[in-house]
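# Summary of the model geometry
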Amino acid sequence: MSPVGVVAVVGAKGAPGATTTSLALALGWPGPVLVVDADPAGGDVVPGWLSGRVGLDDGLVTFAAASRHLPTSALAELGGELAAHLVAVPERPRLRVLPGLAHAGQAGGLDSQAWARLAAALTATAFGGDVLVDCGRSGEGLPWPLLAAADLVLLVTRPTVRGCHHARHAAALAEAALAGPGRLGLVVSGPGPYRPAEIGRAVGLPVLAVLPADPAAAAVLSDGLPAGPGLSRRPLLRAARSAAHQLHPGMTAADRASPAEAVRPVRTPAGGR
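The rules behind each value
Residues numbered from 1 in each chain as written. Predicted model: local features only at pLDDT ≥ 70, side-chain atom pairs only at ≥ 80, totals over all residues. Heavy atoms only, no water. Axes fitted to C-alpha atoms, helices over the stretch in contact; angles between N-to-C directions. Helix = DSSP H or I, 4+ residues; strand = E, 2+ residues; numbered from the N terminus. Parallel < 35°, antiparallel > 145°, perpendicular 65-115°, else oblique. Left-handed = near helix turned anticlockwise from the far one by under 90°. Contact = heavy atoms within 4.5 Å. Phe/Tyr/Trp six-rings, centres within 6.5 Å; stacked < 30°, edge-to-face > 60°. Lys NZ or Arg CZ within 6 Å of the ring centre and 35° of its normal. Salt bridge = Lys/Arg side-chain N within 4 Å of Asp/Glu carboxyl O. Buried < 20%, exposed > 50% of the residue type's maximum accessible area, 1.4 Å probe, protein only. Pairing = 2+ DSSP bridges. Polar contact = N/O pair within 3.5 Å; in protein donor to acceptor, adjacent residues only side chain to side chain. 1 Å grid on protein atoms, 1.4 Å probe; cavity = no way out; pocket = protein on both sides within 12 Å on 5 of 7 lines; lining within 4 Å. Points joined across faces, edges and corners; volume = space filled by probe spheres on them.

### Regarding the packing of helix α6 (residues 161-178) against helix α7 (residues 196-203)
- Look at α6 against α7: their axes get within 9 Å of each other, and the N-to-C directions meet at 45 degrees. Classified by the interaxial angle, the pair formed by α6 and α7 is oblique. You can see that α6 and α7 cross each other, and the crossing is right-handed. Here Cys164, Ala167, Arg168 and Ala171 of α6 come into contact with α7, specifically with Ile199, Ala202 and Val203.

### Details of the packing of aromatic side chains
- Summed over all chains, the structure comprises 0 aromatic pairs.
- Here Arg53 stacks its cationic end above the ring of Trp49, 5.8 Å away from the centre of that ring.

### With respect to the pattern of salt bridges
- Summed over the entire model, instances satisfying the criterion amount to 2 salt bridges.
- We note a salt bridge from Arg53 to Glu91, for which the minimum N-O separation is 2.5 Å. Of this pair, Arg53 sits in the loop between β2 (33-37) and α2 (60-66) while Glu91 sits in the loop between β3 (87-89) and β4 (92-98); the two residues are 38 residues apart in sequence, bridging distant segments of the chain.
- Taking relative accessible area as the criterion, Glu91 reaches 42% and is therefore assigned partly exposed.
- Where Asp214 meets Arg234, a salt bridge forms, and the shortest distance between an N and an O atom there is 2.6 Å. Of this pair, Asp214 sits in the loop between β8 (207-211) and α8 (215-223) while Arg234 sits in the loop between α8 and α9 (235-251), placing them 20 residues apart in sequence.
- Residue class for Arg234 comes out partly exposed when judged on its relative accessible area of 32%.

### Let's talk about helix α1 (residues 18-27)
- Counting buried positions along α1 gives 10 out of 10 residues, so the element sits mostly inside the fold.
- When we look at burial in α1, the residues that qualify are Ala18, Thr19, Thr20, Thr21, Ser22, Leu23, Ala24, Leu25, Ala26 and Leu27.

### Regarding the pairing of strand β1 (residues 6-11)
- The buried fraction of β1 is high, at 6 of 6 residues.
- Neither face of β1 is open: one carries Val6, Ala8 and Val10, the other Val7, Val9 and Gly11, and all of them are buried.
- Summarising the sheet, β1 and strand β5 (residues 130-137) pair through 5 bridges and their orientation is parallel. The residue bridging Ala8 from the neighbouring strand is Val133, located in β5.
- For β1 and strand β6 (residues 152-157), the ladder comprises 5 bridges, and the chain directions are parallel. Note on β6: the bridge partner recorded for Ala8 is Val153.

### Notes on the side chain of Thr123
- For Thr123, the position within the fold is in the loop between α4 (112-122) and β5.
- Its relative accessible area of 5% is what places Thr123 among the buried residues.
- Separated by 2.8 Å, the side chain of Thr123 and the backbone oxygen of Ala120 make a polar contact.

### Describing unusual backbone geometry
- Residues other than glycine seldom take positive phi values, yet Ala179 does so here, at roughly 60 degrees.
- Here Ala179 falls in the exposed class, since its relative accessible area comes to 57%.

### Focus: empty space enclosed by the protein
- Taken as a whole, this structure holds 2 cavities of 30 Å³ or more when the rule is applied.
- The calculated volume of the largest cavity comes to roughly 70 Å³.
- As for the largest cavity, its lining consists of 13 residues, of which Val10, Ser138, Leu155, Ala170 and Ala174 are closest to the centre.
- Listed by contribution, the elements that provide at least two residues to the lining of the largest cavity are α5 (144-149), β6 and α6.
- Per-element tally for the lining of the largest cavity: the top contributor is α6, with 4 residues.

### Notes on the pairing of strand β7 (residues 184-189)
- Most of β7 is tucked away: 6 of the 6 residues are buried.
- Neither face of β7 is open: one carries Leu184, Leu186 and Val188, the other Gly185, Val187 and Ser189, and all of them are buried.
- Note that β6 and β7 share 5 bridges and pair parallel. If you follow Leu155 over to β7, its bridge partner there is Leu186.

### Observations regarding the layout of surface pockets
- In this model, the largest pocket occupies a volume close to 410 Å³.
- Around the largest pocket, the lining is made up of 25 residues, and of these Pro16, Gly17, Ala18, Thr20 and Thr21 lie nearest the centre.
- Listed by contribution, the elements that provide at least two residues to the lining of the largest pocket are α1, β5 and α8.

Listed below in C-alpha coordinates is the structure:
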(Lines give C-alpha, C1' and ligand atoms only; values in the text may rest on other atoms or scores of the structure.)
Protein backbone atom coordinates (compact mmCIF):
# COMPACT_ATOMS: atom_id res chain seq x y z
CA MET A 1 0.00 0.00 0.00
CA SER A 2 1.28 3.48 -0.84
CA PRO A 3 1.83 5.95 2.00
CA VAL A 4 -1.20 8.06 2.73
CA GLY A 5 -1.23 11.79 2.17
CA VAL A 6 -1.78 13.93 5.26
CA VAL A 7 -3.24 17.44 5.14
CA ALA A 8 -3.39 19.45 8.37
CA VAL A 9 -5.87 22.33 8.63
CA VAL A 10 -5.28 25.19 11.08
CA GLY A 11 -7.50 28.22 11.64
CA ALA A 12 -5.94 31.62 12.20
CA LYS A 13 -7.56 33.75 14.90
CA GLY A 14 -10.79 35.31 13.66
CA ALA A 15 -10.99 32.97 10.67
CA PRO A 16 -13.81 30.56 9.80
CA GLY A 17 -13.40 27.25 11.56
CA ALA A 18 -10.79 24.67 10.69
CA THR A 19 -13.51 22.07 11.30
CA THR A 20 -15.84 23.48 8.64
CA THR A 21 -12.96 23.69 6.16
CA SER A 22 -11.76 20.15 6.92
CA LEU A 23 -15.23 18.66 6.54
CA ALA A 24 -16.03 20.61 3.38
CA LEU A 25 -12.81 19.32 1.78
CA ALA A 26 -13.50 15.78 3.02
CA LEU A 27 -16.97 15.73 1.49
CA GLY A 28 -15.46 16.69 -1.86
CA TRP A 29 -12.35 14.50 -1.63
CA PRO A 30 -11.95 12.34 -4.77
CA GLY A 31 -11.09 9.15 -2.91
CA PRO A 32 -11.24 7.50 0.50
CA VAL A 33 -10.47 9.98 3.27
CA LEU A 34 -10.08 9.95 7.03
CA VAL A 35 -11.00 13.05 9.06
CA VAL A 36 -9.05 13.32 12.31
CA ASP A 37 -10.49 15.67 14.92
CA ALA A 38 -7.30 16.75 16.70
CA ASP A 39 -8.35 20.12 18.12
CA PRO A 40 -6.78 20.34 21.62
CA ALA A 41 -9.54 22.75 22.66
CA GLY A 42 -12.15 20.02 22.19
CA GLY A 43 -13.50 18.33 19.10
CA ASP A 44 -16.40 19.74 17.11
CA VAL A 45 -16.95 17.04 14.47
CA VAL A 46 -19.01 14.66 16.63
CA PRO A 47 -21.11 17.24 18.53
CA GLY A 48 -21.51 19.25 15.33
CA TRP A 49 -21.80 17.54 11.94
CA LEU A 50 -22.29 14.05 13.40
CA SER A 51 -24.47 15.11 16.33
CA GLY A 52 -26.72 12.30 17.47
CA ARG A 53 -25.23 9.79 15.04
CA VAL A 54 -21.80 9.03 16.49
CA GLY A 55 -20.63 8.77 20.08
CA LEU A 56 -17.26 9.28 21.73
CA ASP A 57 -16.78 5.65 22.77
CA ASP A 58 -14.02 5.37 20.17
CA GLY A 59 -11.64 8.06 19.02
CA LEU A 60 -8.55 10.05 19.91
CA VAL A 61 -8.68 9.36 23.64
CA THR A 62 -9.17 5.61 23.31
CA PHE A 63 -6.44 5.37 20.67
CA ALA A 64 -4.01 7.30 22.88
CA ALA A 65 -4.70 4.98 25.79
CA ALA A 66 -4.44 1.79 23.73
CA SER A 67 -1.20 2.81 22.00
CA ARG A 68 0.66 4.32 24.96
CA HIS A 69 3.14 1.43 25.17
CA LEU A 70 3.96 1.36 21.45
CA PRO A 71 7.04 3.17 20.08
CA THR A 72 6.62 5.57 17.17
CA SER A 73 8.72 3.22 15.06
CA ALA A 74 6.06 0.48 15.29
CA LEU A 75 4.22 1.76 12.23
CA ALA A 76 2.25 -1.38 11.40
CA GLU A 77 1.06 -1.84 14.98
CA LEU A 78 0.12 1.83 15.33
CA GLY A 79 -1.72 1.82 12.02
CA GLY A 80 -3.67 -1.28 12.96
CA GLU A 81 -4.50 0.12 16.38
CA LEU A 82 -5.73 3.37 14.88
CA ALA A 83 -8.04 1.54 12.48
CA ALA A 84 -9.81 -0.01 15.47
CA HIS A 85 -10.77 3.42 16.82
CA LEU A 86 -12.24 4.95 13.66
CA VAL A 87 -15.97 5.38 13.12
CA ALA A 88 -17.90 5.10 9.88
CA VAL A 89 -20.26 7.70 8.45
CA PRO A 90 -23.27 5.76 7.12
CA GLU A 91 -24.09 8.05 4.21
CA ARG A 92 -20.42 8.47 3.22
CA PRO A 93 -18.95 4.97 2.77
CA ARG A 94 -15.53 6.32 1.70
CA LEU A 95 -15.19 8.60 4.73
CA ARG A 96 -14.02 7.64 8.23
CA VAL A 97 -13.67 9.82 11.32
CA LEU A 98 -11.40 9.71 14.36
CA PRO A 99 -13.55 11.53 16.97
CA GLY A 100 -11.72 14.10 19.03
CA LEU A 101 -11.64 15.25 22.63
CA ALA A 102 -14.91 15.74 24.44
CA HIS A 103 -13.49 18.91 26.06
CA ALA A 104 -10.24 20.82 26.46
CA GLY A 105 -9.55 19.24 29.84
CA GLN A 106 -8.74 15.94 28.15
CA ALA A 107 -5.82 17.52 26.28
CA GLY A 108 -3.72 17.30 29.44
CA GLY A 109 -3.51 13.55 28.93
CA LEU A 110 -1.96 13.92 25.48
CA ASP A 111 1.72 14.79 25.62
CA SER A 112 4.01 15.23 22.64
CA GLN A 113 4.68 11.49 22.47
CA ALA A 114 0.95 10.72 22.26
CA TRP A 115 0.60 13.14 19.34
CA ALA A 116 3.74 11.64 17.77
CA ARG A 117 2.25 8.13 17.97
CA LEU A 118 -0.88 9.38 16.25
CA ALA A 119 1.23 11.09 13.59
CA ALA A 120 3.08 7.85 12.93
CA ALA A 121 -0.18 5.90 12.83
CA LEU A 122 -1.68 8.27 10.26
CA THR A 123 1.09 7.53 7.80
CA ALA A 124 0.53 3.77 8.13
CA THR A 125 -3.18 3.36 8.76
CA ALA A 126 -4.88 0.43 7.05
CA PHE A 127 -7.76 2.73 6.09
CA GLY A 128 -6.33 3.04 2.57
CA GLY A 129 -7.05 6.71 1.90
CA ASP A 130 -5.75 10.19 2.55
CA VAL A 131 -6.06 12.05 5.85
CA LEU A 132 -7.44 15.49 6.73
CA VAL A 133 -6.50 16.62 10.24
CA ASP A 134 -8.50 19.35 11.97
CA CYS A 135 -5.88 20.89 14.28
CA GLY A 136 -8.08 23.71 15.59
CA ARG A 137 -7.04 27.30 16.17
CA SER A 138 -3.45 28.45 15.72
CA GLY A 139 -1.42 28.87 18.88
CA GLU A 140 1.32 27.31 20.96
CA GLY A 141 -0.96 24.47 22.07
CA LEU A 142 -1.30 23.00 18.58
CA PRO A 143 -0.56 19.27 18.13
CA TRP A 144 2.80 20.04 16.53
CA PRO A 145 3.83 16.43 15.77
CA LEU A 146 0.77 16.14 13.53
CA LEU A 147 1.71 19.29 11.63
CA ALA A 148 5.26 17.98 11.30
CA ALA A 149 3.94 14.74 9.77
CA ALA A 150 1.70 16.50 7.27
CA ASP A 151 2.53 16.71 3.59
CA LEU A 152 0.63 19.99 3.54
CA VAL A 153 -0.51 22.46 6.20
CA LEU A 154 -3.46 24.67 5.25
CA LEU A 155 -3.88 27.91 7.19
CA VAL A 156 -7.45 29.27 7.04
CA THR A 157 -7.94 33.05 7.04
CA ARG A 158 -10.41 35.77 6.05
CA PRO A 159 -9.64 38.35 3.31
CA THR A 160 -9.61 41.24 5.79
CA VAL A 161 -6.94 43.36 7.48
CA ARG A 162 -7.57 41.58 10.78
CA GLY A 163 -7.51 38.19 9.08
CA CYS A 164 -4.26 39.01 7.34
CA HIS A 165 -2.69 40.20 10.59
CA HIS A 166 -3.53 37.00 12.44
CA ALA A 167 -2.59 34.82 9.46
CA ARG A 168 0.88 36.36 9.33
CA HIS A 169 1.37 35.60 13.01
CA ALA A 170 0.08 32.03 12.56
CA ALA A 171 2.31 31.53 9.52
CA ALA A 172 5.38 32.77 11.41
CA LEU A 173 4.62 30.41 14.30
CA ALA A 174 4.23 27.45 11.94
CA GLU A 175 7.31 28.33 9.89
CA ALA A 176 9.43 28.48 13.05
CA ALA A 177 8.18 25.07 14.21
CA LEU A 178 8.29 23.38 10.80
CA ALA A 179 11.65 24.78 9.68
CA GLY A 180 10.33 26.91 6.84
CA PRO A 181 7.21 27.63 4.76
CA GLY A 182 7.68 24.82 2.22
CA ARG A 183 4.56 22.85 3.22
CA LEU A 184 2.35 25.82 4.14
CA GLY A 185 -0.51 27.22 2.08
CA LEU A 186 -3.53 29.47 2.61
CA VAL A 187 -7.25 28.84 2.43
CA VAL A 188 -8.99 32.20 2.04
CA SER A 189 -12.53 31.86 3.30
CA GLY A 190 -15.51 34.13 3.72
CA PRO A 191 -16.24 37.75 2.79
CA GLY A 192 -13.78 40.61 2.83
CA PRO A 193 -12.59 43.63 0.85
CA TYR A 194 -9.36 42.08 -0.45
CA ARG A 195 -8.69 39.60 -3.23
CA PRO A 196 -7.18 36.25 -2.24
CA ALA A 197 -4.00 37.05 -4.19
CA GLU A 198 -3.53 40.20 -2.13
CA ILE A 199 -3.87 38.21 1.08
CA GLY A 200 -1.39 35.65 -0.19
CA ARG A 201 1.19 38.33 -0.99
CA ALA A 202 0.69 40.03 2.37
CA VAL A 203 1.04 36.77 4.33
CA GLY A 204 3.79 35.43 2.09
CA LEU A 205 2.14 32.08 1.35
CA PRO A 206 0.47 30.62 -1.75
CA VAL A 207 -3.32 30.61 -1.82
CA LEU A 208 -4.33 26.97 -2.42
CA ALA A 209 -8.10 27.27 -1.99
CA VAL A 210 -10.77 29.95 -1.90
CA LEU A 211 -14.02 29.15 -0.11
CA PRO A 212 -17.07 31.44 -0.25
CA ALA A 213 -19.26 32.62 2.59
CA ASP A 214 -22.11 30.11 2.80
CA PRO A 215 -23.79 30.26 6.24
CA ALA A 216 -26.40 27.61 5.40
CA ALA A 217 -23.82 24.98 4.41
CA ALA A 218 -21.46 25.98 7.22
CA ALA A 219 -24.26 25.47 9.76
CA VAL A 220 -24.68 21.88 8.57
CA LEU A 221 -20.97 21.15 9.00
CA SER A 222 -20.38 23.07 12.22
CA ASP A 223 -23.67 22.71 14.10
CA GLY A 224 -25.26 19.60 12.63
CA LEU A 225 -28.29 21.30 11.11
CA PRO A 226 -30.24 19.02 8.72
CA ALA A 227 -28.38 18.83 5.42
CA GLY A 228 -31.32 18.63 3.05
CA PRO A 229 -31.07 17.23 -0.48
CA GLY A 230 -29.14 20.15 -1.98
CA LEU A 231 -26.07 20.31 0.28
CA SER A 232 -23.64 19.12 -2.40
CA ARG A 233 -24.80 21.94 -4.67
CA ARG A 234 -24.21 24.69 -2.12
CA PRO A 235 -21.44 27.20 -3.02
CA LEU A 236 -19.21 26.10 -0.14
CA LEU A 237 -19.36 22.43 -1.10
CA ARG A 238 -18.85 23.14 -4.80
CA ALA A 239 -15.78 25.28 -4.09
CA ALA A 240 -14.40 22.74 -1.60
CA ARG A 241 -14.89 19.92 -4.11
CA SER A 242 -12.91 21.85 -6.71
CA ALA A 243 -10.16 22.58 -4.18
CA ALA A 244 -10.05 18.94 -3.05
CA HIS A 245 -9.53 17.74 -6.62
CA GLN A 246 -6.67 20.19 -7.05
CA LEU A 247 -5.04 19.21 -3.76
CA HIS A 248 -5.47 15.47 -4.19
CA PRO A 249 -2.83 14.81 -6.90
CA GLY A 250 -0.12 16.23 -4.63
CA MET A 251 -1.15 13.76 -1.92
CA THR A 252 -0.67 10.72 -4.18
CA ALA A 253 2.55 11.65 -5.97
CA ALA A 254 4.93 8.74 -6.58
CA ASP A 255 7.84 10.55 -4.93
CA ARG A 256 6.01 11.29 -1.66
CA ALA A 257 7.99 10.63 1.50
CA SER A 258 7.89 7.20 3.05
CA PRO A 259 5.90 6.75 6.28
CA ALA A 260 9.03 6.85 8.43
CA GLU A 261 10.29 10.02 6.73
CA ALA A 262 6.90 11.67 7.06
CA VAL A 263 7.17 11.92 10.84
CA ARG A 264 9.54 14.87 10.73
CA PRO A 265 11.17 16.44 13.79
CA VAL A 266 9.40 19.58 14.97
CA ARG A 267 10.64 22.49 17.04
CA THR A 268 7.81 22.98 19.52
CA PRO A 269 7.41 26.66 20.51
CA ALA A 270 8.07 27.51 24.12
CA GLY A 271 5.06 26.54 26.21
CA GLY A 272 3.66 24.20 23.53
CA ARG A 273 2.82 20.57 24.11
